[in-house]
Amino acid sequence: MRLVILDNYDLASEWAAKYICNRIIQFKPGQDRYFTLGLPTGSTPLGCYKKLIEYHKNGHLSFKYVKTFNMDEYVGLPRNHPESYHSYMWNNFFKHIDIDPNNAHILDGNAADLQAECDAFEKKIKEAGGIDLFVGGIGPDGHIAFNEPGSSLVSRTRLKTLAMDTILANAKYFDGDLSKVPTMALTVGVGTVMDAREVMILITGAHKAFALYKAIEEGVNHMWTVSAFQQHPRTIFVCDEDATLELRVKTVKYFKGKNFIEELNF
Amino acid sequence: MRAPSLSVRREDLWVRGGRILDPEKLFFEERRVADERRDCGGRILAPGFIDVQINGGFGVDFSQATEDVGSGVALVARRILSHGVTSFCPTLVTSPPEVYHKVVPQIPVKSGGPHGAGVLGLHLEGPFISREKRGAHPEAHLRSFEANAFQDLLATYGPLDNVRIVTLAPELGHSHEVIRELTTRGICVSLGHSVADLRAAEDAVWSGATFITHLFNAMLPFHHRDPGIVGLLTSDRLPAGRCIFYGMIADGTHTNPAALRIAHRAHPQGLVLVTDAIPALGLGNGRHTLGQQEVEVDGLTAYVAGTKTLSGSIAPMDVCVRHFLQATGCSVESALEAASLHPAQLLGLEKSKGTLDFGADADFVVLDDSLHVQATYISGELVWQAEAARQ
């Protein structure tokens, strides 16, 4: 694991965006050679998306030969609902870049056969040659995507019932009306993300600090599903100072001391 | 871009088949991107302006029974594109029946395009109005409703197929059956050139009236014990959920800015900017014809020749929008809505006109930050462009 600690949210977002940008450029994507990217939603990656859009608008980065696979989507929410993850991705990313719509994959929470939709998604990832870089976030309960505490660490894309905590946290996006909040979602499994060649987890804010501690300083445990990535050959955790508040001073000092810049050829 | 009364925001506008397109739907369902892009340089894109009261312009008088009424209307329709107007209601002032019979059938409803702004239907202002408040309308041709009320109206105007708005004075006898009959036929009834008190005006609204013609002008002045027609703006005796709309000529002459502000603050949702422009619009100082009378133009003001009676405005719609913005200190959105969304709502067209909602007709204007028109589009096609913007 690499732990990259930046002073604040903006710097962490910028670092992550630069990393993704460089990975794509170094890969030299083209007609027969697409770069596959796994993408998250939520408030944490917003800064990173803004930066990626900036690099695109400056002419530094094209998404013409990039294929994306989003982590999750609510079940039963109309695709054009302002809180759907389709809307999130359109407004915060896709509409500002030059990605081919055929290459932007998001699970369909309104499919007639939800499990078939999940299986088809796994198949699409396989057909695209697997994921080169999967970007994700972490929930306060240590979940990745909607793999809430207790999810199998070898799980695949499937239908999940959301935890009460998640539903309560989401209520603010649905006029505070609990009855309007979706209770189920389709999500990639922990195993699905583990299959990626590289994983980058973005963690910012003090409210995520305990989850980060559990994810990297304690053992691999299905109650904190992000901990599974301790067993992935190539994972980077990108955080701001606040997210490290529950870590040992020793851990923070150790990783801050390491200079990744040269290693990553910036 | 879904509900009315939105704010100006940084977005792209997508158009296909002459209509505003939902790009998110295009991306996820059809999996397509844009075929063509046009950079508007960060300017404001707003729904095209809609003028529901315009008597002519550029030498053309809609109330004159000329041999070729069609070309007159076409000329005005083309010239007002530069004012940002994409749809309008040609207005006829009080005239003898022969004029209506000759002119009305020659001005059909017509879609706009490179040839000019769209005709939404005619606005017949008079002759069923008050003698006392006739303003510039010729006294000789005023009428009242006889016992046959609606039949009298039909006999005067002829067939109503091309008619969209009728302005009348509700204090005239039998007016209520006329209002009800017109409303049933989908024609908007407007109160104006009237000495009605508030009660009579409210009753007219119950019968179906939805508009007030040039508020403050040609009606009883506001009085604190009987606000008259002006009182409709804050009346609590109107049918539930009904919004009363009112036209205002914001040319800096017809209404004192303080009065404009009073009306706007009392009932901002109902304010509709109209030009009430006369044939002298776009012509310059001198004598010109309006209906059956002569008018004198001096700067931005026009009078009935030889009198001090205002004869209609010559301020273009975009000038009115800018003056309204400056006089009321309202938001840019409010000023733009008064010239687009509100007239569309008045005519029940708000699903297709006066809005940039998905599915609406792509009639819009490109404005700079001080609301000067840089370009006009109808059905997604560029139909006018300012000199500076042309390459």
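Residues numbered from 1 in each chain as written. Chains lettered and ligands numbered in written order. Predicted model: local features only at pLDDT ≥ 70, side-chain atom pairs only at ≥ 80, totals over all residues. Heavy atoms only, no water.

Observations regarding the overall build of chain A
Counting secondary structure elements, chain A contains nine helices and ten strands. On C-alpha atoms alone, chain A measures out to a radius of gyration of 18 Å, which is about the 18 Å that the 2.2 N^0.38 rule sets for 266 residues. Within the span of chain A, comprising 266 residues, buried residues form 55% of the whole. For chain A, restricting intrachain contacts to residue pairs at least 6 apart in sequence, the fraction spanning at least 24 positions comes to 80%. Element-wise, carbon and sulfur atoms account for 51% of the exposed surface of chain A, whose accessible area totals about 11900 Å². Once the 29 positive and 32 negative side-chain charges of chain A are each reduced to a mean point, those two points are 5 Å apart. (Helix = DSSP H or I, 4+ residues; strand = E, 2+ residues; numbered from the N terminus. Rg over C-alpha atoms; globule rule 2.2 N^0.38 Å. Buried < 20%, exposed > 50% of the residue type's maximum accessible area, 1.4 Å probe, protein only. Contact = heavy atoms within 4.5 Å. Areas by Shrake-Rupley, 256 points an atom, 1.4 Å probe, with all protein chains shown as cover. Lys, Arg positive; Asp, Glu negative; His and termini not counted. Charge placed at Lys NZ, Arg CZ, Asp CG, Glu CD.)

Here's the deal with the overall build of chain B
Scanning chain B from N- to C-terminus turns up ten helices and 20 strands. Taking 391 residues into account, the globule formula puts the C-alpha radius of gyration at 21 Å, and chain B, at 20 Å, falls close to it. Reported as C-alpha extents along the three principal axes, the dimensions of chain B are approximately 65 × 45 × 40 Å. The proportion of buried residues among the 391 residues of chain B is 57%. Approximately 16200 Å² of chain B is accessible, and the part contributed by carbon and sulfur atoms is 48%.

Some words on the UniProt feature "domain: Glucosamine/galactosamine-6-phosphate isomerase" (unreviewed entry) in chain A
Mapped onto this structure's residue numbering, the UniProt feature "domain: Glucosamine/galactosamine-6-phosphate isomerase" (unreviewed entry) falls at residues 15-232 of chain A. The distance from the first to the last C-alpha atom of residues 15-232 of chain A is 21 Å, and the span holds 31% helix and 15% strand. (UniProt positions renumbered as here; feature names shortened; annotations may be inferred.)

A short note on the packing of aromatic side chains
According to the stated counting rule, one finds 24 aromatic pairs over all chains in the structure shown. With 4.9 Å between their ring centres and 40° between their planes, A:Tyr74 and A:Tyr85 make a pair best called tilted. Of the two residues, A:Tyr74 sits in strand 4 (residues 72-74) while A:Tyr85 sits in helix 3 (residues 85-92), which places them eleven residues apart along the sequence. Overall, the relative accessible area of 3% leaves A:Tyr74 in the buried class. Given the relative accessible area of 13%, A:Tyr85 is considered buried. Here the aromatic rings of A:Tyr74 and A:Phe146 are separated by 6.0 Å at their centres, their planes lie at 45°, and the arrangement is tilted. Placement of A:Tyr74 in strand 4 and of A:Phe146 in the loop between strand 6 (133-136) and strand 7 (158-161) is noted, with a sequence separation of 72 residues between them. Just as A:Tyr74 is buried, A:Phe146 falls in that class too. Of note, A:Lys67 hangs over the ring of A:Tyr34, and the distance from its end group to the ring centre comes to 4.7 Å. Across from the ring centre of B:Tyr303, 4.4 Å away, lies the NZ or CZ of B:Lys308, which sits over that ring. (Phe/Tyr/Trp six-rings, centres within 6.5 Å; stacked < 30°, edge-to-face > 60°. Lys NZ or Arg CZ within 6 Å of the ring centre and 35° of its normal.)

Regarding a negative patch on the surface
Residue and element names in this part refer to chain B. A contiguous patch of negative charge, built from Glu132, Glu171, Asp197, Asp203 and Asp226, is present on the exposed surface. With respect to the helices and strands, the residue Asp203 is situated in helix 6 (residues 198-207). According to the relative accessible area criterion, Asp203 is partly exposed, its value standing at 31%. (Patch = residues over 30% accessible without salt bridge, like charges linked within 9 Å, V, L, I, M, F, W, Y side chains within 5 Å. Salt bridge = Lys/Arg side-chain N within 4 Å of Asp/Glu carboxyl O.)

Description of the pairing of strand 16 (residues 293-298) of chain B
All names here are of chain B. As paired strands, strand 16 and strand 17 (residues 301-304) are joined by four bridges and run antiparallel to one another. Each bridged residue has a counterpart across the sheet, and for Asp298 the counterpart in strand 17 is Thr301. Counted along the chain from strand 16 to the antiparallel partner strand 17, the turn is two residues long, and its residue Gly299 has a positive phi close to 70°. (Pairing = 2+ DSSP bridges.)

Observations concerning the sheet that holds strand 6 of chain A
Residues and elements named next belong to chain A. Taken in spatial order, the seven strands line up as 1-10-9-6-2-3-5 in an open sheet, and their pairing is parallel. Each of the sheet's edge strands pairs with one partner strand only, and the pair in question is strand 1 (2-6) and strand 5 (104-105). Both strand 9 (residues 199-203) and strand 10 (residues 235-240) contribute to a ladder of five bridges, which runs parallel. Note on strand 10: the bridge partner recorded for Met200 is Ile236.

So, the layout of surface pockets
Residues and elements named next belong to chain A. In this model, the second largest pocket occupies a volume close to 940 Å³. Taken together, 36 residues make up the lining of the second largest pocket; nearest its centre are Thr41, Gly42, Ser43, Tyr85 and Asn170. For the lining of the second largest pocket, the elements supplying multiple residues, two or more each, are strand 4, helix 3 and helix 5 (164-170). By residue number, the principal contributor to the lining of the second largest pocket is helix 5, which donates four residues. Tallied by class, the residues present in the lining of the second largest pocket amount to 16 nonpolar, 14 polar and six charged. (1 Å grid on protein atoms, 1.4 Å probe; cavity = no way out; pocket = protein on both sides within 12 Å on 5 of 7 lines; lining within 4 Å. Points joined across faces, edges and corners; volume = space filled by probe spheres on them. Nonpolar A, V, L, I, M, F, W, Y, C, P; charged D, E, K, R; others polar.)

Some remarks on the UniProt feature "active site" (unreviewed entry) in chain B
Residue and element names in this part refer to chain B. Listed under "active site" (unreviewed entry) in the UniProt record, and renumbered for this structure, are Asp276. Secondary-structure assignment places Asp276 in the loop between strand 14 (271-273) and strand 15 (286-290). Judged by relative accessible area, Asp276 falls into the buried class, the value being 8%. Among residues more than four places away in sequence, those in contact with Asp276 are Gln53, Asn55, His214, Ile249, Gly312 and Ser313.

Some words on helix 2 (residues 69-79) of chain B
All names here are of chain B. Restricting attention to buried positions, one finds in helix 2 the residues Val69, Gly72, Val73, Val76 and Ala77. The arc enclosing the buried residues of helix 2, seen along the axis, measures out at 135°, which places them on a common side. Packed against the buried residues of helix 2 are strand 4 (49-54), strand 5 (56-57), strand 6 (60-61), strand 7 (85-92), helix 3 (97-103) and strand 8 (118-119). (Arc of directions from axis to C-beta.)

Quick notes on the state of the cysteines
All names here are of chain B. What the rule picks out here adds up to zero disulfides over all chains. The thiol of Cys89 is not disulfide-bonded; the next cysteine sulfur, from Cys188, is found 8.6 Å away. Sulfur of Cys330: no disulfide; nearest cysteine sulfur belongs to Cys320 and is 13 Å away. (Disulfide = S-S within 2.5 Å.)

So, the pattern of salt bridges
All names here are of chain B. A full pass over the atoms with the stated rule returns 27 salt bridges over all chains. Measuring nitrogen to oxygen at the nearest pair gives 3.4 Å for the salt bridge that ties Arg185 to Glu181. A residue is classified by how much of its surface remains accessible, and Arg185, at 45% relative accessible area, is partly exposed. Connected through salt bridges with shared partners, the residues Arg19, Lys353, Asp361 and Asp363 form a single ionic network.

What about the packing of helix 2 (residues 46-57) of chain A against helix 3 of chain A?
Residues and elements named next belong to chain A. Here helix 2 crosses helix 3 at 40°, and the two axes come no closer than 10 Å. Taken together, helix 2 and helix 3 sit at an angle that is classed as oblique. Counting all contacts with helix 2, which are made through Leu46, Tyr49 and Ile53, the residues of helix 3 involved are Tyr88, Met89 and Asn92. A class-by-class count of the residues in the contact of helix 2 with helix 3 yields five nonpolar, one polar and no charged. (Axes fitted to C-alpha atoms, helices over the stretch in contact; angles between N-to-C directions. Parallel < 35°, antiparallel > 145°, perpendicular 65-115°, else oblique.)

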